[in-house]
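Remarks on the overall topology
What follows is each chain in one-letter form.
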Amino acid sequence: MKHIHTIPSIGIVANPASGRDIRRLTSKALVFPTVEKINMIERLLGAFGAVGVEHVMMMPDMVGIAAGLIRAIDGHRAQGLQPWPVVDFVPMPLTDSPRDTQEAVRRMRAAGVAVIVVLGGDGTHRIVAGECGDTPLATLSSGTNNAFPDLREPTLTGLAAGLVATGAVPVSEAARRNKLLRVRGSKVDEIALVDVCVTRQMHLGARAVWDPATIAELFVTFAEPDAIGLSSIAAMLEPVGREAPRGSWVRCATSGLGVLAPIAPGLVTPVGIDEHGLLAPGRPMQIRTEQGCIALDGEREIELNGHQTYSVTLELDGPLTLDVPATLAAAVRRGAMVRDLIRSAAP
Amino acid sequence: MTKTLTREDLLKAYRTMRTIREFEERLHTDFATGEIPGFVHLYAGEEASATGVCMNLTADDHIASTHRGHGHCIAKGVDPVGMMAEIWGKKTGTCKGKGGSMHIADLSVGMLGANGIVGGGGPLVCGTALAAKLRNQPFVSVCFFGDGASNQGTIFEAMNLASVWNLPVIFLAENNGYAEATSSKFSVACDNIADRASAFGMPGITVDGFDFFAVYEAAGAAIDRARNGGGPSLVEVKLSRYYGHFEGDQQTYRAAGEVQNIRDTKDCLMQFAHRVTSSGEIAQAELDAIDAEVKALIDGSVVKAKSDPKPTEADLLTDVYVSY
Ligand SMILES: Cc1ncc(C[n+]2csc(CCOP(=O)(O)OP(=O)(O)O)c2C)c(N)n1
Ligand SMILES: [Mg+2]
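As the structure is a prediction and not an experimental result, all values here were calculated from the model.

What to know about the sheet that holds strand 6 (residues 204-208) of chain B
Residue and element names in this part refer to chain B.
- Pairing in this open sheet of 5 strands is parallel, and the strands run 1-2-3-7-6 from one edge to the other. The sheet is open, and its two edges are formed by strand 1 (62-64) and strand 6, each paired on a single side. The average undirected angle you get between the axes of adjacent strands in this sheet is 20 degrees.
- Sheet strands in contact with helix 5 (residues 121-134) are strand 1, strand 2 (141-146) and strand 3 (169-175), and its direction is about 175 degrees off that of strand 2.
- Sheet strands touched by helix 6 (residues 153-164): strand 2, strand 3 and strand 7 (233-238). Its angle to strand 3, the strand with the most contacts, is close to 150 degrees.

Here is the structure:
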């Protein structure tokens with residue numbers, strides 16, 4: 001029998017590696033330091049504590065987020081401030097690779113956490129989405145170059161997650177279903193949450209796709225003109241909403257007509273367009289490029305060498321994510337933010 | 001702009017990494033016999049870093065190295081035969097046998113020197129970079145330094161100076177997790193050295209140091225940026241050394257199997273060979289041929305180093321000062 005928490009519990013995944021790839025050199029993306037990730041988690045804990053969340057399952061890591069958090073919790077306790085939930089680190093072996101995230105999410109799900117808060121970029125959320133099943137995610141961008149997660153003050157995300165975890169707002173009012181793209185090859189079955197980009201860059205190399213001149217094909221789940229990153233190329237041709245039952249695709253060209261797209265922080269560049277169209281759910285589209293790499297949510301993951309064929313399919317049953325404004329509005333409507341100050345004040 | 005690695009580039013990268021590995025493995029064996037004077041700190045395991053960086057440089061660009069400098073030297077183009085003689089303390093060595101492992105320098109290829117002073121390279125590259133900038137030359141300077149050195153004042157001062165003067169410098173942090181026997185977990189306050197870049201107003205990135213392609217591309221972006229006037233940056237390369245801090249180090253501070261696990265799963269030469277052969281870019285037979293040539297080169301360098309003459313008493317007072 002798997003162990004299910006009876007008190008409301010929230011999982012936290014913070015990707016130690018996010019926010020420090022090559023895009024800091026090729027665009028104006030900023031380093032996202034470990035100390036800031038720790039501080040974001042502290043802000044989450046403050047919100048959780050305030051709405052009655054008693055337990056948190058935290059992913060451990062090897063580069064100091066967990067260590068810094070332990071120091072922060074000790075300091076918080078010593079000062080006798082408003083209580084935070086008890087934070088337990090998921091007991092698991094570490095590999096200092098994305099496998100750690102997968103393992104942590106599997107264990108959080110098995111333990112029955114109500115919500116998983118994710119701090120990271122599109123890539124981190126992609127990895128979590130592969131394992132989280134129907135456990136809703138509260139997304140937080142730890143970086144400047146993401147389309148999927150919210151760029152939001154963590155205190156508010158923490159409140160929304162806490163209100164859902166304690167049952168003050170039902171998941172049905174708080175969560176939205178996302179789309180995903182599935183990439184299939186003879187030995188490959190991978191997902192992406194925002195975009196699948198085929199680049200002519202030959203090697204996985206520094207992973208991030210940063211050179212617009214190398215982009216050959218692009219598939220997106222949604223395309224918002226106010227989102228940063230590769231999906232903006234599709235957005236500038238024809239916006240596709242997050243909840244629309246379709247995606248879109250683009251084949252790029254090096255000459256002819258194009259669109260101006262904000263493909264990275266501070267980098268607004270014309271991208272040539274050969275053809276583009278809408279992507280219907282469940283209908284695989286073949287990747288045409290033979291030499292290059294397939295990037296999932298902005299990071300090169302699969303090297304193409306002409307021997308294998310790959311397809312991309314839009315699916316409508318991606319992960320659930322909390323809509324923070326909707327959750328907080330629902331909480332207000334339900335009176336969940338009202339407190340009796342006389343009774344709750346300490347004698 | 002993306003640089004495409006040609007077949008020749010790939011073969012060169014492999015040859016460089018293999019030469020460093022063979023050189024270091026051979027020193028590991030030979031040092032144990034007690035015939036080699038001084039200390040050696042081996043670079044085995046870290047080859048993708050020096051190679052990935054230096055493949056983006058020309059002889060007019062400068063690098064400053066560390067006490068663990070053999071790999072940087074070879075990647076920058078210093079002759080391994082002269083290096084071997086230098087380490088054996090012979091007159092035919094790169095520095096006439098007077099420097100040894102920790103002071104191999106060859107200005108003709110832009111190698112400012114291995115350096116026994118941890119963190120000593122930062123101020124040096126600020127000098128060469130300032131010279132290039134004042135002369136309007138498109139040359140960059142790279143300072144290799146370790147996680148231990150990342151805590152030295154010299155490195156902070158150099159990062160500050162490079163930033164305020166917008167110098168074409170790349171601070172290349174080789175984070176192998178240890179400074180002598182001290183784990184970086186105990187000594188580096190911020191855990192990711194790259195995080196420190198923002199304090200000096202420069203970009204910082206972290207890259208997998210076992211992956212030549214990742215280092216080549218990331219360092220290439222930093223170098224292009226500096227060359228085009230974009231200023232300094234910090235590139236943190238995460239990797240591991242295969243041997244002790246110095247030869248003779250018992251390494252009681254490392255977990256059993258730590259190194260073997262890395263050799264089996266992450267080794268830079270293994271990964272590189274797998275990538276280029278499975279993509280069909282290079283045939284295994286070509287890599288085997290390079291292995292054989294490199295082995296012959298290093299074998300020959302040892303035979304020569306052993307039989308070459310030592311410096312004499314008369315050499316003691318020459319090369320002490322350089323006149324400009
Ligand atoms: C200024 C200075 N302080 C101390 C030493 C002694 N020492 C030699 S190597 C070393 C550790 C350097 O560690 P790191 O920078 O991580 O380089 P690594 O050996 O790991 O390549 C120390 C402390 C020295 N040579 N110079
Ligand atoms: Mg070190």
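What to know about unusual backbone geometry
Residue and element names in this part refer to chain B.
- Positive phi outside glycine occurs at Asn-136, with the angle close to 60 degrees.
- Looking at the element boundaries, Asn-136 is found in the loop between helix 5 and strand 2.
- Residue Asn-136 is classed as exposed on the basis of its relative accessible area of 72%.
- Phi is positive for Glu-180, which is not a glycine, with a value near 50 degrees.
- Tracing the sequence through the fold places Glu-180 in the loop between strand 4 (178-179) and strand 5 (182-183).
- Using a relative accessible area of 52% as the deciding quantity, one classes Glu-180 as exposed.

Some words on the side chain of Ser-65 of chain B
Residue and element names in this part refer to chain B.
- If you trace the backbone, Ser-65 turns up in the loop between strand 1 and helix 3 (70-76).
- For Ser-65, a relative accessible area of 3% translates into the label buried.
- Reaching out from Ser-65, the side chain makes a polar contact with the side chain of His-72 at a distance of 2.7 Å.
- Leave out the neighbours within four places in its chain, and Ser-65 touches His-72, Met-111, Gly-113, Ala-114, Asn-115 and Phe-144.

Re the coordination of the magnesium ion (ligand 2)
Residue and element names in this part refer to chain B.
- Summarising the metal site, the magnesium ion (ligand 2) is bound by the protein donors Asp-147 (OD), Asn-176 (OD1) and Tyr-178 (O), whose distances to it range over 2.1 Å.
- Between consecutive donors of the magnesium ion (ligand 2), the numbers of intervening residues give the motif D-x28-N-x1-Y. Neither Asn-176 nor Tyr-178 differs from the other in exposure class; each is buried.

Considering the sheet that holds strand 10 (residues 215-220) of chain A
Residue and element names in this part refer to chain A.
- Strand order in the open sheet formed by 6 strands is 12-11-10-9-14-15, with antiparallel pairing between adjacent strands. At either margin of the open sheet sits one strand with a lone partner, and together these are strand 12 (267-279) and strand 15 (299-305). Mean inter-strand twist for the sheet, computed between neighbouring axes without regard to direction, equals 30 degrees.
- Here 13 bridges tie strand 11 (residues 247-264) to strand 12, and the two strands are oriented antiparallel to one another. Within strand 12, the position partnered with Pro-262 by the bridge is Val-268.

Here we look at the layout of surface pockets
Residues and elements named next belong to chain B.
- Of the volumes computed, that of the second largest pocket is approximately 500 Å³.
- Lining the second largest pocket are 14 residues, and of these Cys-95, Ala-105, Leu-107, Asp-319 and Val-322 sit closest to its centre.
- Considering only residue class, the lining of the second largest pocket consists of 8 nonpolar, 3 polar and 3 charged.

Remarks on the pattern of salt bridges
- With the rule as written, the count across this model stands at 43 salt bridges over all chains.
- Between Arg-182 of chain A and Asp-189 of chain A there is a salt bridge, and its shortest N-O distance comes to 2.9 Å.
- Of the residues examined, Asp-189 of chain A reaches a relative accessible area of 47% and is grouped as partly exposed.
- The partner of Lys-238 of chain B in a salt bridge is Glu-236 of chain B, with the nearest N and O atoms 3.9 Å apart.
- Residue classification places Lys-238 of chain B among the partly exposed residues on the basis of a relative accessible area of 22%.
- Taking the relative accessible area as the measure of exposure, Glu-236 of chain B reaches 0% and is therefore buried.
- Within the structure, one salt-bridge network assembled from shared partners comprises Glu-103, Arg-106, Arg-107 and Glu-131 of chain A.

Let's talk about the domain arrangement of chain A
All names here are of chain A.
- Split into domains, chain A comes out as domain 1 (9-178 + 319-345) and domain 2 (180-315).
- Once you take the C-alpha centre of each, domain 1 and domain 2 turn out to be 28 Å apart.
- Taken together, the contacts link 21 residues of domain 1 with 27 residues of domain 2.
- Interface of domain 1 and domain 2: buried area, both sides summed, is about 1,900 Å²; carbon and sulfur atoms make up 62% of it.
- Contact with domain 2 buries surface across domain 1, with Arg-126, Ala-147 and Phe-148 losing the most and accounting together for 32% of the total.

Notes on the interface of chain B and chain A
- Of the residues lining the interface, 28 residues belong to chain B; the matching set on chain A comes to 26 residues.
- Roughly 2,300 Å² of surface becomes buried between chain B and chain A when both sides are summed, with 56% attributable to carbon and sulfur atoms.
- Sorting the residues of chain B by area buried against chain A places Thr-2, Asp-195 and Glu-217 of chain B first, and these three jointly supply 23% of that buried surface.
- The interface formed by chain B and chain A holds 2 salt bridges in total.
- Across the pair Arg-275 of chain B and Glu-303 of chain A runs a salt bridge, and its minimum N-O distance is 3.9 Å.

Overview of helix 6 (residues 154-165) of chain A
Residue and element names in this part refer to chain A.
- Look at helix 6: 16 Å from first C-alpha to last across 12 residues, which is about the 16 Å you get at 1.5 Å a residue.
- Summarising burial for helix 6: 10 of the 12 residues are buried, a large majority.
- The complete set of buried residues in helix 6 reads Pro-154, Thr-157, Gly-158, Leu-159, Ala-160, Ala-161, Gly-162, Leu-163, Val-164 and Ala-165.
- Directly beyond the C-terminal end of helix 6, a positive phi value near 85 degrees is found at Gly-167.

A look at the confidence of the model for chain B
- With 99% of its residues at a pLDDT of 70 or more, chain B has an overall mean of 96.
- Confidence estimates for the predicted assembly give a pTM of 0.87 and an ipTM of 0.79.

Points about the site of ligand 1
All names here are of chain B.
- Taken together, 15 residues surround ligand 1, and among them His-67, Arg-68, Gly-116, Gly-148 and Tyr-178 come closest.
- A distance of 2.7 Å separates an oxygen atom of ligand 1 from a polar side-chain atom of His-67.
- When ligand 1 is considered free in solution it has 590 Å² of accessible area, and contact with the protein chains removes 72% of it.
- When the residues that make up the shell around ligand 1 are grouped by side-chain class, the tally is 5 nonpolar, 7 polar and 3 charged.

Focus: the packing of aromatic side chains
Residue and element names in this part refer to chain B.
- Inspection of the entire model under this criterion finds 8 aromatic pairs over all chains.
- The interplanar angle of 75 degrees and the centroid separation of 5.4 Å between the aromatic rings of Phe-212 and Phe-213 together place this pair among those described as edge-to-face.
- A residue is classified by how much of its surface remains accessible, and Phe-212, at 1% relative accessible area, is buried.
- We classify Phe-213 as buried; its relative accessible area is 3%.
- When the ring of Phe-212 is compared with that of Phe-272, the centres are 5.5 Å apart and the planes differ by 80 degrees; the resulting orientation is edge-to-face.

Basis of the calculations
Residues numbered from 1 in each chain as written. Chains lettered and ligands numbered in written order. Predicted model: local features only at pLDDT ≥ 70, side-chain atom pairs only at ≥ 80, totals over all residues. Heavy atoms only, no water. Pairing = 2+ DSSP bridges. Helix = DSSP H or I, 4+ residues; strand = E, 2+ residues; numbered from the N terminus. Axes fitted to C-alpha atoms, helices over the stretch in contact; angles between N-to-C directions. Contact = heavy atoms within 4.5 Å. Buried < 20%, exposed > 50% of the residue type's maximum accessible area, 1.4 Å probe, protein only. Polar contact = N/O pair within 3.5 Å; in protein donor to acceptor, adjacent residues only side chain to side chain. Donors = N, O, S within 2.8 Å, 3.2 Å for Na, K, Ca; no water. 1 Å grid on protein atoms, 1.4 Å probe; cavity = no way out; pocket = protein on both sides within 12 Å on 5 of 7 lines; lining within 4 Å. Points joined across faces, edges and corners; volume = space filled by probe spheres on them. Nonpolar A, V, L, I, M, F, W, Y, C, P; charged D, E, K, R; others polar. Salt bridge = Lys/Arg side-chain N within 4 Å of Asp/Glu carboxyl O. Domains from an automatic or database assignment. Buried area = accessible area lost by both parts, 1.4 Å probe. Expected span 1.5 Å × (residues − 1). pLDDT = per-residue confidence, 0-100. Near = heavy atom within 4 Å. Areas by Shrake-Rupley, 256 points an atom, 1.4 Å probe, with all protein chains shown as cover. Phe/Tyr/Trp six-rings, centres within 6.5 Å; stacked < 30°, edge-to-face > 60°.

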